[in-house]
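Spelled out, the chains give:
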Amino acid sequence: MEAKAIAKTVRISALKSRLVMRLINGKSANEAMAILNNMNNKAARVIKKVLVSAVANAENNHNLDKTKLYVKEAYVNDGPVLKRSVPDSRGRIAKNDHRTSHVTVVVAER
């Protein structure tokens, strides 16, 4: 049995989030939480919230044991891009894309 949590349209680029996701994929839930607690970036804070939610879903909805949980899947997909423009030199317009992402964490019992 597995439980899943998703955070959609998070205001962080998927590229930056994937760097953190690779660290927790396949680890136990407690170990993944320890890794995320000791990282000082926005992606780690967002992923930690999703991991806590996935663990809570596993406990409450599927009656799984919290100590036996591990991160089965953890991935980040691109979300919609907020396209903005900024004045540039010599009368030009520069593109300023605000990227978003969808964060998904799946936990299962070992």
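Everything here concerns the structure above.
Residues numbered from 1 in each chain as written. Predicted model: local features only at pLDDT ≥ 70, side-chain atom pairs only at ≥ 80, totals over all residues. Heavy atoms only, no water.

J.: Where do I start with the overall build of the chain in this structure?
T.: Secondary structure summary: the chain contains 3 helices and 5 strands in total. In sequence order, the chain lays out its α and β elements as β-α-α-α-β-β-β-β. On C-alpha atoms alone, the chain measures out to a radius of gyration of 17 Å, which is more than a quarter above the 13 Å that the 2.2 N^0.38 rule sets for 110 residues. Counting only C-alpha atoms and orienting by the principal axes, one finds that the chain spans roughly 60 × 25 × 15 Å. Within the chain, the fraction of its 110 residues that count as buried is 36%. Sequence-distant contacts in the chain: of pairs separated by 6 or more residues, those separated by 24 or more amount to 72%. Entry remark: accessible area of the chain is about 6,900 Å², with carbon and sulfur atoms responsible for 48%. Each charge class in the chain was averaged separately, 21 positive and 9 negative side chains, and the resulting centres sit 10 Å apart. (Helix = DSSP H or I, 4+ residues; strand = E, 2+ residues; numbered from the N terminus. Rg over C-alpha atoms; globule rule 2.2 N^0.38 Å. Buried < 20%, exposed > 50% of the residue type's maximum accessible area, 1.4 Å probe, protein only. Contact = heavy atoms within 4.5 Å. Areas by Shrake-Rupley, 256 points an atom, 1.4 Å probe, with all protein chains shown as cover. Lys, Arg positive; Asp, Glu negative; His and termini not counted. Charge placed at Lys NZ, Arg CZ, Asp CG, Glu CD.)

J.: Explain the nonpolar core to me, please; I cannot follow it from the model alone.
T.: Note that soluble globular proteins tend to have their nonpolar side chains buried in a common cluster. Residues Met21, Leu51, Val103, Val105 and Val107 are the most contacted members of the largest nonpolar core, which totals 30 residues. Residue assignment for this core shows that the elements contributing at least two residues are strand E1 (2-10), helix H1 (14-24), helix H2 (29-37), helix H3 (42-62), strand E2 (69-78) and strand E5 (101-109). In terms of residue count, H3 provides more of this core than any other element does, 9 residues in total. Excluding its chain neighbours within four sequence positions, the residues that come into contact with Leu51 are Ala29, Ala32, Met33, Leu36, Val71, Val105 and Val107. (Core = buried A, V, L, I, M, F, W, Y, C linked by side-chain atoms within 4.5 Å.)

J.: I would appreciate a short explanation of H3 in the present structure.
T.: Side chains three or four residues apart in an α-helix point the same way, a direct result of the helix having 3.6 residues per turn. For H3, with 21 residues, the first-to-last C-alpha span of 30 Å sits near the 30 Å given by 1.5 Å per residue. Burial in H3 covers these residues: Ala43, Ala44, Val46, Ile47, Val50, Leu51, Ala54, Val55 and Ala58. Contacts made by the buried residues of H3 are with E1, H1, H2, E2 and E5. Asn63 sits one or two positions beyond H3 and adopts a positive phi of about 55°. (Expected span 1.5 Å × (residues − 1).)

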